[in-house]
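Coordinates in review
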Amino acid sequence: MSKKIYEPVIGLEVHIHLKTKTKAFCGCSTEFGGEPNTQVCPVCLGLPGSLPVLNRVALDYAIKVGLALNCTIQEYTKFDRKHYYYPDLPKNYQISQYDLPLSKDGFLDIYVEDKTKRIRIKRVHLEEDAGKLIHQDDISLVDFNRTGIPLLEIVSEPDINSPIEAYEYLTALKSIVEYLGVSDCDMEKGSLRCDANVSVREKGVKELGTKAELKNMNSFKAVRDALAYEIERQIELLDNDEAVIQETRLWDARELKTFSMRTKEEAKDYRYFPEPDLPPFIISKEKIEQIQRSIPELPKEKMLRFIREYGLSEYDAKVICSSRGYAEITEERIKEFPDSDKKPMVNWSIGPILEAAGNFNCRPEELKIPGGNQELIKLIQYQQEGKISNLVAKSVFNESIASGIPPSRIIEDKNLFQISQGSILQAQVEEAIKENPKSVQAYKSGKENAIMFLVGQVMKKTSGRANPKVVQEILKRRLS
Amino acid sequence: MELYKLTAHELIDLLKDKKVTQQEILDCLISRVGSVDSKINAYVRKDTVSYPIPNTQYPIPTSNGIPVSIKDNICTEGYNTECCSRILEGFKPPYDATVIAKLKNAGALILGLKTNMDEFAFGSSTENSCFGPTHNPWDLERVPGGSSGGSAAAVAADEAVWALGSDTGGSIRQPASFCSIVGLKPTYGRVSRYGLIAFASSLDQIGPLTKDVTDSALLMNIISGKDNRDSTSVDMPVPDYTRSLYNDVKGIKIGMPKEYFVEGIDPEVKKIVGEAIDKLKTLGAELKEVSLPHTEYAVPVYYIIATAEASSNLARFDGVQYGLRVRDKNIIDMYKKTRGRGFGQEAKRRVILGTFALSHGYYDAYYLRALKVRTLIKQDFDKVFSDFDCIVTPTSPTPAFKIGEKVNDPLKMYLSDIYTISANLAGIPAISIPCGFSKKNLPVGLQILAKPFNEEMLFRVAYTYEQNTPWHKIKPKL
């Protein structure tokens with residue numbers, strides 16, 4: 001146990017691949033997964049004499065993200081060269097932005113424990129990605145397909161104070177970028193990468209502690225776990241009066257630990273200077289306004305509207321709005337749902353539909369419901385009206401998706417309508433009582449819960465079609 | 001007829017009249033190279049390259065099909081382009097520079113043989129070449145200037161009809177002056193840099209080295225214009241430069257910067273250039289002294305900006321993808337050994353200088369300050385050009401110096417660019433034309449500068465001077 005109370009301070013640096021057709025400074029394809037070195041040209045290979053030409057679409061996308069993150073777009077901006085030697089960097093400098101980033105001073109609101117917290121965004125800038133090293137036995141090979149893909153660097157201020165806040169920040173950021181349609185944000189494919197700067201300080205102390213830079217985290221969960229581990233590690237050091245060393249540490253997802261990347265931190269001097277091959281450029285007010293107009297309703301606005309218009313809870317709205325496609329299709333369904341109380345459709349949207357999407361391994365908006373929204377609505381209404389039991393509703397839904405047969409047809413063909421008439425259920429109730437004397441005894445001796453077991457037995461006997469409420473009433477009457 | 005002696009426009013006329021064939025021109029030129037280049041060493045890799053490069057765009061010879069000689073830092077698809085550096089040993093670019101593509105489209109023949117140069121264009125004498133120095137056709141013991149010394153010497157020695165060079169601080173004009181030919185550095189952005197292996201990206205321009213002003217205008221007609229592959233090339237209409245070739249400078253206002261005629265200038269050069277200026281006056285030009293007050297900062301500013309950019313541009317030569325690789329146990333040692341063995345002395349000097357100027361803690365004091373002074377130098381010119389059509393100066397403070405004379409004194413060497421550097425810093429066009437000979441029969445050049453994108457003014461003044469003087473017709477004895 002820690003003797004003192006510590007506060008973690010976290011800043012995140014996120015890199016996002018922009019989903020342009022061609023690379024940032026040449027016409028090569030950005031398609032993922034091509035044979036090594038098939039999507040290259042003299043420019044992205046950095047061959048002598050080649051020159052970069054800015055991809056205007058990448059610039060527009062970058063401005064779009066900047067605006068969506070409430071940043072100020074710089075009217076005058078330029079590219080700079082960032083120098084370091086690495087074999088995956090063919091020019092041994094990266095075209096990036098240094099002192100005049102495309103956009104800066106924005107913010108992103110996250111929701112943690114029912115509260116809104118504002119995380120300030122320091123800067124958003126455009127740069128080019130490097131290639132990929134492939135190590136085989138005792139040789140290393142370079143694949144330059146990724147070299148030159150437009151990359152957006154989004155740097156937060158150190159406003160994040162817990163691993164869960166970091167997780168929420170990433171989720172919110174990913175959601176916004178996906179809404180904008182400018183990136184896949186797929187960490188597995190490397191189209192979203194995240195590094196974290198983390199330090200701890202005693203609560204109430206103003207100065208920041210010595211920070212460590214965490215790398216090699218391959219999922220949002222990994223970011224959360226790595227931060228949690230690193231915070232613990234630093235607190236332990238401080239509690240033992242040991243110093244935290246400023247260093248880069250790598251997350252090991254198997255060991256669930258961070259490891260020091262190198263003991264001696266080399267002094268980094270990137271020797272930034274303005275890229276002379278790309279003249280500085282002016283982004284006009286008209287251009288910014290035009291891009292602003294093209295920004296769709298973002299997750300936060302959508303959430304608030306859903307709460308307002310359809311009476312959703314904050315939690316439900318957050319779940320539904322985490323992806324733009326799902327929010328849109330769900331809104332359609334909510335609108336089409338004829339009852340004034342939308343709750344049943346909302347419950348389905350955050351429950352069975354998401355579950356099914358998980359089971360069928362697809363994005364929830366891509367889940368095909370046979371017969372479309374109308375069939376879904378019919379199914380929910382059957383359930384609402386007591387024509388089918390909850391259990392049947394769920395299993396029919398899953399079966400419908402698996403088989404492609406609309407839910408109502410399954411219900412009709414198999415006659416799955418709920419049995420609510422006591423006269424029909426009487427026989428099964430008697431059977432259950434006869435077969436389970438122990439439960440009957442337990443109920444009679446005061447264990448009220450024992451009746452649920454008996455209800456379950458009747459449900460089984462009717463293949464889930466019995467109305468559990470009615471069964472319970474009959475049982476109670478019978479055993480009283 | 002000794003075809004090799006002719007200018008490109010004379011050969012074009014003969015081709016048009018069907019008095020010669022392209023093959024005859026080529027054969028004549030190649031035999032000339034065979035007979036004199038052992039003395040000059042204007043071309044490199046003579047034993048390995050067959051020439052010319054087949055022109056797939058124009059398999060049939062056209063009237064414009066004149067052979068062009070190319071400096072070793074301009075990319076020619078499939079043909080070695082090594083910047084006369086060991087580190088680019090064996091480098092065959094998979095693409096043509098835009099100027100090469102334009103020449104091919106115009107029907108020109110590109111010689112597969114490339115011309116000698118200072119390694120990566122670092123130098124003013126063509127001594128810093130891994131293929132050994134080029135000799136000045138006017139005095140074989142002297143340098144041809146540099147860095148486009150191979151192109152200049154080849155044209156002067158009649159072993160090239162015309163040639164392309166590159167000019168970062170005088171690398172076309174100074175050798176043109178040392179070899180008594182015409183050399184033009186176009187306005188920054190006039191000619192595409194795509195495929196020019198960069199020395200200092202914000203200063204480099206490709207330009208023509210020719211036997212006379214008419215050829216210079218003809219070659220500029222072919223290579224100029226906006227290129228979508230070069231973001232720094234400018235989208236301005238390209239005039240027909242041959243229309244500027246008329247023999248008249250009456251009323252043209254010419255400025256003579258007083259800062260260019262002070263200490264450091266060879267008295268003979270001063271006298272010869274003075275006579276050239278008098279000639280322009282008698283031809284009707286109005287001459288007046290002007291001031292470019294920041295001239296004295298040009299050399300230091302240039303050597304900070306140029307070396308800083310060079311240190312960055314040369315970072316890619318690391319042995320990973322192409323050129324020389326000296327194997328070693330790990331990547332860092334491979335980098336070190338490759339660059340250590342691949343770069344010559346001057347390249348190393350400039351990379352170290354430039355790296356220093358960009359280093360953390362020095363950037364503001366050197367690079368940033370240099371950029372600010374560069375703006376002041378540009379403004380000096382803007383001011384003068386608001387009242388004057390052009391400026392005349394000597395091209396170089398001295399005629400050609402002896403091989404080995406300055407090679408161990410970099411500062412002295414750097415000062416030989418003192419009159420040419422400002423045009424690159426200001427981005428303005430400048431031409432050097434022959435204007436006489438010293439007592440030792442060494443050529444002297446006259447430099448003319450004009451405002452951005454006013455190459456036409458340079459051609460007009462240069463052409464008029466040329467038509468009224470004999471210098472361009474005098475050939476070195478070989």
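What you see is a predicted model, and the numbers here were worked out from it, not measured in a lab. Per-chain numbering applies: the sequence of each chain, read as written, is numbered from 1 onward. Think of it this way: whatever chain is written first is A, whatever ligand is written first is 1, and the rest follow in order. Residues qualify for local features only when their pLDDT is at least 70, as the model is predicted, and side-chain atom pairs are given and counted only at 80 or more; totals for whole chains, interfaces and linings, by contrast, use all residues.

What follows is about the overall build of chain B. Only DSSP runs of H or I covering at least 4 residues are called helices, and only runs of E covering at least 2 are called strands; the numbering of each starts at the N terminus. Secondary structure summary: chain B contains 14 helices and 11 strands in total. Against the compact-globule benchmark of 23 Å for 478 residues, chain B has a radius of gyration of 21 Å, which places it among compact chains. C-alpha extents for chain B along the principal axes are approximately 70 × 55 × 45 Å. Remark: C-beta atoms are placed from the backbone, and a residue is labelled buried if 20 or more other C-beta atoms sit within 10 Å of its own, exposed if 12 or fewer do, or partly exposed between those counts. For chain B, the proportion of its 478 residues judged to be buried stands at 61%. All radius of gyration figures rest on C-alpha atoms, and the globule criterion is 2.2 Å times the number of residues raised to 0.38.

Further remarks concern the overall build of chain A. Along its length, chain A carries 16 helices and 16 strands. Seen through its principal axes, chain A has C-alpha atoms that stretch 90 × 55 × 50 Å. Split into buried and exposed, the 480 residues of chain A put 40% on the buried side.

Below, the discussion takes up the sheet that holds strand E3 (residues 109-115) of chain B. All names here are of chain B. Spatially, the 11 strands line up as an open sheet ordered E1-E3-E2-E4-E6-E5-E10-E11-E9-E7-E8, and their pairing is mixed. Strands at the two margins of the open sheet, each flanked by one partner only, are strand E1 (43-44) and strand E8 (286-290). Paired strands, as defined in this entry, are two strands with at least two bridges between them according to DSSP. Here 5 bridges tie strand E7 (residues 253-257) to E8, and the two strands are oriented parallel to one another. Residue pairing for E8: Met256 is matched across the bridge by Glu289. Packed onto the sheet, helix H6 (residues 213-223) meets strand E4 (162-167), strand E5 (182-185), strand E6 (205-210) and strand E10 (430-437) and runs at close to 145° relative to E6. Contacts are defined on C-beta atoms placed from the backbone: any two residues whose C-beta positions lie within 7 Å are in contact. Throughout, an axis means a line fitted to C-alpha atoms (over the contacting stretch in the case of helices), and angles, computed between N-to-C directions, take values from 0 to 180 degrees.

On to the domain arrangement of chain A, then. In this document the domain limits rely on a domain assignment from an automatic tool or a database. Parsing chain A into structural domains produces domain 1 (6-290), domain 2 (299-414) and domain 3 (422-479). With centres defined by C-alpha atoms, the gap from domain 1 of chain A to domain 3 of chain A works out at 61 Å.

It is worth spelling out the interface of chain B and chain A at this point. Facing 32 residues of chain B, the contacting portion of chain A comprises 24 residues. Mapped by element, the contributors of at least two residues to the side of chain B that touches chain A are helix H8 (298-313), helix H9 (331-342) and helix H10 (345-358) of chain B. The element best represented in the side of chain B that touches chain A is H8(B), accounting for 3 residues. Here the term charged refers only to Asp, Glu, Lys and Arg, the term nonpolar to Ala, Val, Leu, Ile, Met, Phe, Trp, Tyr, Cys and Pro, and the term polar to all other amino acids, Gly among them. Taken together, the residues that form the side of chain B that touches chain A break down as 15 nonpolar, 11 polar and 6 charged.

Among all residues save glycine, negative phi is the norm, and among peptide bonds the norm is trans. Residue Gly146(B) is joined to Ser147(B) through a cis peptide bond whose omega torsion reads 10°. Following the sequence through the fold, Ser147(B) ends up in the loop between E3 and helix H4 (149-156). Positive phi values are uncommon outside glycine, yet Asp137(A) reaches one of about 50°. Among the secondary structure elements, Asp137(A) is positioned in the loop between strand E8 (132-136) and strand E9 (139-143). In this structure Asp137(A) comes out as exposed when scored by C-beta crowding, with 5 C-beta atoms within 10 Å. Residue Cys84(B) is not a glycine yet carries a positive backbone phi of 50°. Examined against the element boundaries, Cys84(B) turns out to sit in the loop between strand E2 (67-71) and helix H3 (98-105).

A regular strand places its side chains on the two faces of the sheet in alternate fashion. All names here are of chain A. The pairing of strand E6 (residues 103-112) with strand E7 (residues 115-128) spans 9 bridges and is classified as antiparallel. Across the sheet, Lys104 pairs through a bridge with Arg123, a residue of E7. Joining the antiparallel neighbours E6 and E7 is a turn of 2 residues, in which Glu113 adopts a positive phi near 50°. Across 7 bridges, E7 lies against strand E10 (residues 150-156) in antiparallel orientation. Residue pairing for E10: His125 is matched across the bridge by Glu153.

Residues and elements named next belong to chain B. Helix H11 (residues 364-385) packs onto H8 with a crossing angle of 125° between their chain directions and a minimal axis gap of 9 Å. Taken together, the axes of H8 and H11 lie oblique to each other. As H8 runs across H11, the sense of the crossing is left-handed. Two secondary-structure elements touch here, H8 through Ala298, Val301, Ile304, Ile305 and Ala308 and H11 through Tyr366, Tyr367, Ala370, Val373, Arg374 and Ile377. Of the residues that constitute the contact of H8 with H11, the class distribution is 10 nonpolar, no polar and 1 charged. Our angle categories are set so that under 35 degrees counts as roughly parallel, over 145 as roughly antiparallel, 65 to 115 as roughly perpendicular, and the remainder as oblique. For any helix crossing, the convention is left-handed if the near helix is rotated counterclockwise from the far helix by under a right angle, and right-handed if that rotation is clockwise.

Attention shifts here to the nonpolar core. Note that soluble globular proteins tend to have their nonpolar side chains buried in a common cluster. Each nonpolar core reported here comprises buried Ala, Val, Leu, Ile, Met, Phe, Trp, Tyr and Cys residues connected via C-beta atoms within 7 Å. Membership of the largest hydrophobic core comes to 218 residues, with the highest contact counts inside it found for Ala62(A), Tyr169(A), Val68(B), Cys390(B), Ile448(B) and Ala462(B). Looking at which element gives the most residues to this core, the answer is H8(B), with 9 residues. If sequence neighbours within four positions are ignored, Tyr169(A) has contacts with Leu12(A), Leu108(A), Ile110(A), Ile119(A), Ser156(A) and Ile160(A). Core analysis: the next-biggest nonpolar cluster, separate from the first, contains 28 residues, Phe337(A), Leu379(A), Ile401(A) and Leu416(A) among them.

Residue and element names in this part refer to chain A. If you walk across this open sheet you meet the 3 strands as E5-E4-E15, and the pairing is antiparallel. For this open sheet the edge positions go to strand E5 (93-96) and strand E15 (273-274), each flanked by a neighbour on one side alone. Relative to E5, strand E4 (residues 80-83) runs antiparallel, the two sharing 4 bridges. If you follow Lys82 over to E5, its bridge partner there is Gln94.

Residues and elements named next belong to chain B. Expected span of a helix, by definition, is 1.5 Å for each gap between consecutive residues, and there is one gap fewer than residues. Helix length check: helix H14 (residues 455-467) (13 residues) gives 18 Å between terminal C-alpha atoms against 18 Å at 1.5 Å per residue, within 8%. With 11 of its 13 residues buried, H14 lies for the most part within the structure. Three or more residues of H14 are buried, namely Glu455, Met457, Leu458, Phe459, Arg460, Val461, Ala462, Tyr463, Thr464, Tyr465 and Glu466.

Okay, H9(B) next. Residue and element names in this part refer to chain B. The terminal C-alpha atoms of H9 lie 16 Å apart, and with 12 residues this matches the ideal 16 Å at 1.5 Å per residue to within 8%. Residues of H9 that are buried include every one of Tyr335, Thr338, Arg339 and Gly342, and no others. The arc enclosing the buried residues of H9, seen along the axis, measures out at 90°, which places them on a common side. Summarising the geometry of H9, the exposed residues directed more than 90 degrees from the buried face are Ile332 and Gly340. Read the arc as the range of directions from the helix axis to the C-beta atoms.

Quick look at the environment of Leu11(B) now. All names here are of chain B. Inspection of the secondary structure puts Leu11 in helix H1 (residues 8-16). Through-space distance from the C-alpha of Leu11 to that of Leu26 is 11 Å; in sequence the pair is 15 residues apart. Ignoring anything within four residues of it in the chain, the contact list for Leu11 reads Leu3, Leu6, Ile25, Ile66 and Val161.

With that settled, consider the pairing of strand E11 (residues 192-202) of chain A. Residue and element names in this part refer to chain A. Strand direction decides the pairing type here: strand E1 (residues 6-17) and E11, joined by 11 bridges, are antiparallel. Across the sheet, the residue bridging to Val14 is Cys194, located in E11. Sheet analysis places E11 next to strand E12 (residues 212-217), joined by 4 bridges and oriented antiparallel. The partner of Ala196 across the bridge, within E12, is Leu214.

Moving on to the packing of helix H1 (residues 56-68) of chain A against helix H4 (residues 285-293) of chain A. All names here are of chain A. Look at H1 against H4: their axes get within 10 Å of each other, and the N-to-C directions meet at 70°. Between H1 and H4, the angle is such that the two are roughly perpendicular. Contact residues: Asp60, Ile63, Lys64 and Leu67 in H1; Ile288, Ile291 and Gln292 in H4. When its residues are assigned to classes, the contact of H1 with H4 shows 4 nonpolar, 1 polar and 2 charged.

This part covers the environment of Leu218(B). All names here are of chain B. On the secondary structure map, Leu218 appears in helix H6. The exposure class assigned to Leu218 is buried, which follows from the 24 C-beta atoms found within 10 Å. Not counting chain neighbours up to four residues away, the residues in contact with Leu218 comprise Ala8, His9 and Thr242.

Next up on the list: the environment of Glu141(B). Relative to the helices and strands, Glu141(B) resides in the loop between E3 and H4. Other than its neighbours up to four places away in sequence, Glu141(B) contacts Lys402(B) and Ile403(B).

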